[in-house]
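Reading the structure
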Amino acid sequence: MKHYLLSVIQPADGTPPDPEALARIMRDVEAFNDELRAAGAFVFAGGLDGPETATLLRPRDGDVLVTDASRTEGEEYLGGLCLIRSADQDEALAWGRKAALATTLPIEVRPFVDQH
């Protein structure tokens, strides 16, 4: 089995869903996680606070510059992640499709390097 990262892509200018829609999404995400667990594919999953809570550490001139990461601009950001075990890319993509439907957000599926 290989490990894959399912990244939840959050639009930076998106408006949060209303409480009823958010409750439905959270139920769907938990059902997705339960399905992963039942299949033996679940490793870890979690949502992230917004980028305004992040700190960016950047190497500079032999030192590390620490800045408020909310200064980094982009149209989207990492809103959450799910680490899974999967036999191959096709199976990982199938899980990614289910994640996209559960979260209602784009999902990036990426394998870890050098897995045997």
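Up top is the structure.
Residues numbered from 1 in each chain as written. Predicted model: local features only at pLDDT ≥ 70, side-chain atom pairs only at ≥ 80, totals over all residues. Heavy atoms only, no water.

The strand order across the open sheet built from 4 strands is β2-β5-β1-β6, with neighbouring strands paired in antiparallel fashion. Edge positions in the sheet fall to β2 (42-47) and β6 (107-111), since each of these pairs with one other strand and no more. In this sheet, neighbouring strand axes are inclined to one another by 20 degrees on average, regardless of whether the strands run parallel or antiparallel. As paired strands, β2 and strand β5 (residues 76-86) are joined by 5 bridges and run antiparallel to one another. Across the sheet, residue glycine 47 finds its bridge partner in β5, namely glycine 80. Here helix α1 (residues 19-39) sits on the sheet in contact with β1 (2-11), β2 and β5, set at roughly 165 degrees to β2. Most of the contacts of helix α2 (residues 89-103) go to β6, to which it runs at about 155 degrees, and overall it touches β1, β5 and β6. (Pairing = 2+ DSSP bridges. Helix = DSSP H or I, 4+ residues; strand = E, 2+ residues; numbered from the N terminus. Axes fitted to C-alpha atoms, helices over the stretch in contact; angles between N-to-C directions. Contact = heavy atoms within 4.5 Å.)

For soluble globular proteins, the rule of thumb is that nonpolar side chains tend to be buried together. Membership of the largest hydrophobic core comes to 16 residues, with the highest contact counts inside it found for Leu6, Phe32, Leu36, Ile84 and Trp95. Listed by contribution, the elements that provide at least two residues to this core are β1, α1, β5, α2 and β6. Per-element accounting of this core gives the leading share, 4 residues, to α2. Those residues in contact with leucine 36 that lie beyond four places of it in its chain are Ala41, Phe42, Cys82, Ile84 and Trp95. (Core = buried A, V, L, I, M, F, W, Y, C linked by side-chain atoms within 4.5 Å. Buried < 20%, exposed > 50% of the residue type's maximum accessible area, 1.4 Å probe, protein only.)

Along any regular strand the residues' side chains alternate between the sheet's two faces. Pairing of strand β3 (residues 55-60) with strand β4 (residues 63-68), which is carried by 6 bridges, proceeds in the antiparallel orientation. Note that in β4 the partner of arginine 58 across the bridge is leucine 65. The turn joining β3 and β4, which pair antiparallel and follow one another in sequence, is formed by 2 residues; a positive phi near 55 degrees is taken by aspartate 61.

A few words now on the side chain of threonine 103. Counting through the fold element by element, threonine 103 comes out in helix α2. Looking at threonine 103, the relative accessible area reads 13%, which means it is buried. Looking at threonine 103, its side chain comes within polar contact range of the main-chain nitrogen of leucine 105, at 3.1 Å. Those residues within four positions of threonine 103 in sequence are excluded, and the remaining contacts are Val8, Ile25 and Val29. (Polar contact = N/O pair within 3.5 Å; in protein donor to acceptor, adjacent residues only side chain to side chain.)

Here the focus is α1. In a regular helix each residue adds 1.5 Å, so 21 residues correspond to 30 Å; α1 covers 30 Å between its end C-alpha atoms and thus fits that length. Within α1, burial applies to Ala21, Ile25, Phe32, Asn33 and Leu36. Angularly, the buried residues of α1 cover 115 degrees about the axis, an arc narrow enough to put them on a single face. Among the exposed residues of α1, those oriented more than 90 degrees off its buried face are Pro19, Glu20, Arg27 and Ala38. Buried positions along α1 lie against β1, β2, β5 and α2. Capping the start of α1, aspartate 18 holds a side-chain oxygen 3.0 Å from the backbone nitrogen of glutamate 20, two or three residues further along. Backbone geometry just downstream of α1 places glycine 40 in the positive-phi region, at approximately 75 degrees. (Expected span 1.5 Å × (residues − 1). Arc of directions from axis to C-beta.)

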